[in-house]
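# Architecture and fold: a report
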Amino acid sequence: MRKLYKGVDKILCLLIEARRKVVFGIPVSTSIEDPEVDIITNRNQLMVLIDLRGRDIDKITVKASRNQLYVYDIGTKNVIKIIQLPKEVEPESLKYEKYFGTCIISLRVKNG
């Protein structure tokens, strides 16, 4: 039960802080074009939160290119979403976690 609260708390804190335009004391910008996707950016990192409720989240995988993020359903072998990223990223820095229907993805912003 603690893991449930920890995951929900993390998601809620990130969303609340993103609306305030400051996450962990760092100014950020957010993108809200897709109501299922929140993109939080700062100078060094880009974080994407995707609402995937209603899908089997254990069959979801994520891949990245320099400018796009791809969300796949490996069970049906379909692309669920292609997300255009606001900054160029380092695809090899991709990390993601899944919490109760929400996928939290982080990537390093490419310098240069």
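Here goes a summary of the coordinates provided. (Residues numbered from 1 in each chain as written. Predicted model: local features only at pLDDT ≥ 70, side-chain atom pairs only at ≥ 80, totals over all residues. Heavy atoms only, no water.)

## Let's talk about the sheet that holds strand E6 (residues 60–64)
Worth spelling out the cut-off: Two strands pair if DSSP finds at least two bridges between them. Under the scheme used here, helices are H or I runs from DSSP no shorter than 4 residues and strands are E runs no shorter than 2 residues, and both carry numbers assigned from the N terminus. Axis definition: a line fitted to C-alpha atoms, limited for helices to the stretch in contact. Angles are taken between N-to-C directions and run from 0 to 180 degrees.
An order of E6-E7-E8 is seen for the three strands of this open sheet, with the pairing classed as antiparallel. Pairing within the sheet leaves two strands with one partner each, and these edge strands are E6 and strand E8 (78–84). Neighbour-to-neighbour, the strand axes of the sheet open up by a mean angle of 20 degrees, direction not taken into account.

## Focus: the packing of aromatic side chains
Put simply, the rule reads: Between the rings of Phe, Tyr and Trp (Trp by its six-membered ring), a pair exists once the centres lie within 6.5 Å; its type follows the angle of the planes, with under 30 degrees stacked, over 60 edge-to-face, and the other angles tilted. Geometrically, a charge over a ring is one whose NZ (Lys) or CZ (Arg) sits within 6 Å of the ring centre while staying within 35 degrees of the ring normal.
Throughout the structure, instances matching the rule amount to one aromatic pair. Seen from their ring centres, Tyr70 and Tyr72 are 6.4 Å apart, and the 25 degrees between their planes marks the pair as stacked. Over the aromatic face of Tyr72 sits the side chain of Lys63, whose NZ or CZ is 5.5 Å from the ring centroid.

## Focus: the environment of Ser106
Note the following rule: Contacts: residue pairs with any heavy atoms within 4.5 Å of one another.
Positionally, Ser106 belongs in strand E10 (residues 102–109). The spacing of Ser106 and Met47 is 59 residues in sequence and 4.4 Å in space, taken between C-alpha atoms. With residues near it in sequence (within four places) discarded, Ser106 still touches Gln45, Leu46, Met47, Ser93, Leu94 and Lys95.

## Concerning the nonpolar core
The condition is simple: In this text, buried Ala, Val, Leu, Ile, Met, Phe, Trp, Tyr and Cys residues form a nonpolar core when linked through side-chain atoms within 4.5 Å. Think of it in three bands: residues with accessible area under 20% of the maximum for their type are buried, residues over 50% are exposed, and the middle band is partly exposed, with areas taken using a 1.4 Å probe on protein chains only.
One finds Val48, Ile50, Leu69 and Ile83 to be the most contacted residues of the largest nonpolar core, which totals 20 residues. Mapped by element, the contributors of at least two residues to this core are strand E4 (37–41), strand E5 (45–51), E6, strand E7 (68–73), E8 and E10. If one sorts the elements of this core by residue count, E10 sits on top with four residues. In this structure Leu69 touches Val48, Val62, Lys63, Ala64, Lys81, Ile82, Ile83, Leu85, Leu94, Ile105 and Leu107, once residues within four positions along its chain are discounted. In this structure, Ile40, Met47, Tyr99 and Ile104 belong to the second largest nonpolar core, which totals five residues.

## Quick look at the environment of Ile39
Structurally, Ile39 can be placed in strand E4. Put simply, Ile39 and Leu85 are 46 residues apart on the chain and 8.1 Å apart in space, counted from C-alpha to C-alpha.

## Looking at the pattern of salt bridges
Put simply, the rule reads: Definition used for salt bridges: Asp or Glu carboxyl oxygen within 4 Å of a side-chain nitrogen of Lys or Arg.
Throughout the structure, instances matching the rule amount to four salt bridges. The salt bridge involving Lys81 is made with Glu36; its shortest N-O contact spans 3.0 Å. Placement of the pair is Lys81 in strand E8 and Glu36 in the loop between strand E3 (29–31) and E4, with a sequence separation of 45 residues. One salt bridge connects Arg108 with Glu90, and the closest N-O pair in it is separated by 2.8 Å. Remark: Glu90 occurs in strand E9 (residues 89–99) and Arg108 occurs in strand E10; sequence separation between them is 18 residues.

## Concerning the pairing of E10
Where burial is concerned, most of E10 is hidden: seven out of the eight residues are buried. Here E5 pairs with E10 via seven bridges, running antiparallel. From the neighbouring strand, Ile50 faces E10, where its bridge partner is Cys103. The sheet contact formed by E9 and E10 spans seven bridges and is antiparallel. The residue of E10 that forms the bridge with Val89 is Val109. Two successive antiparallel strands, E9 and E10, enclose a turn made up of two residues, where Phe100 displays a positive phi of approximately 45 degrees.

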